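# Structural description and commentary
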Amino acid sequence: MTITPFQALTCPLDGAPLSAEERRWCCPSGHSFDTARQGYVHLLPVQNKRSRDPGDSKDMVAARQRFLAHDDYHPIAEAVSRRVLAAAPSTAPLRCLDAGCGEGYYLRVLAESATAAGRDLELLGLDISKWAVQAAARQDRRVRWLVASNANLPVADNALDWVLCLFGFPVYDQFARVLKPGGRLLQVDAGPEHLRQLREILYPQLRESANTGADAPAGFEREGEERIHYPLTLPSQERIADLLAMTPHGYRAKAEGRARAAALDALEVTVDVRLVSWQRR
């Protein structure tokens, strides 16, 4: 059983195949991209950035690392791993991309599950936040980590068995392009009750979450849906603060809502997520 970094990368400037040369990746046109000392590759050209420092901030990434270290979202990660490995081929390595990988928690759990099951994986984690990718690369060198965008995946056509989009921003035409025919997309999104107790403290009126995953995106057929639903106790203000800081609620909520959350010593919330799987036609 081996966990190896994914290899079939393409140049973000002209789409040509990239080849590894010592500590850089090069395309036939002469574009080159250095491997950072932490082990990741930056494939997000400056002209494709919408801000100077896109994606999650350094503080958000640190809060997510502290929160996930307690394995409070481990049931979600286990469900993702179960779904992926249930369809894994027995001979060739399973090629999997986490599109919006954050600090790499879900890929690390997948790698652990694959090791226990004796499955071979080629893994790729990609995020638009350099802080998230730096944190991921420091923790696991078996995965290929990229700073890049879902809007222009630097991945060869028909190269992947699975794309994971976990609480992220799906770009379905790009996902369909990089998946093999018959490849699968697993999308994880918040359900209507997700963190409701915290949201009730933050906001004077709740907006109900959208019904994601109802209609099949172009190029895909719906396979099925799984619901993960369980109570979670946050036993300290530090844990509450980290959960708030790692979510969009940390900057969406007004000051009075954040102050109410900051006054709490403990909180029980509901974890409620949907796992929707699609197969590429």
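Our subject is the structure that appears above.
Structure report, in brief.

How each quantity is defined
- Residues numbered from 1 in each chain as written.
- Predicted model: local features only at pLDDT ≥ 70, side-chain atom pairs only at ≥ 80, totals over all residues.
- Heavy atoms only, no water.
- Axes fitted to C-alpha atoms, helices over the stretch in contact; angles between N-to-C directions.
- Helix = DSSP H or I, 4+ residues; strand = E, 2+ residues; numbered from the N terminus.
- Parallel < 35°, antiparallel > 145°, perpendicular 65-115°, else oblique.
- Left-handed = near helix turned anticlockwise from the far one by under 90°.
- Contact = heavy atoms within 4.5 Å.
- Nonpolar A, V, L, I, M, F, W, Y, C, P; charged D, E, K, R; others polar.
- Pairing = 2+ DSSP bridges.

## Considerations on the packing of helix α2 (residues 74-86) against helix α3 (residues 105-117)
In contact at an axis separation of 9 Å, α2 and α3 are set at 55 degrees when each is read in the N-to-C sense. In terms of axis orientation, α2 runs oblique to α3. The handedness of the crossing between α2 and α3 comes out as right-handed. Taken together, the residues of α3 that come into contact with α2 (itself represented by H74, I76, A77, E78, S81, V84 and L85) are Y105, Y106, V109, L110, S113 and A114. When its residues are assigned to classes, the contact of α2 with α3 shows nine nonpolar, three polar and one charged.

## Some remarks on the packing of helix α1 (residues 58-68) against helix α4 (residues 130-139)
Following both chains from N to C, one finds α1 and α4 inclined at 40 degrees, their axes separated by 8 Å at the closest point. On the basis of their axis angle, the class for α1 and α4 is oblique. Contacts between α1 and α4 involve K58, V61 and Q65 from the former and W131, A132, A135 and Q139 from the latter.

## Examining the sheet that holds strand β3 (residues 24-26)
Strand order across the open sheet formed by three strands is β2-β3-β4, with antiparallel pairing between neighbours. Looking at which strands have only one partner, the edges of the open sheet turn out to be β2 (19-21) and β4 (32-34). Neighbour to neighbour, the strand axes of the sheet diverge by 30 degrees on average, direction disregarded. Taken together, the three bridges between β2 and β3 define a ladder with antiparallel strand orientation. Paired with A20 across the two strands is W25, which belongs to β3.

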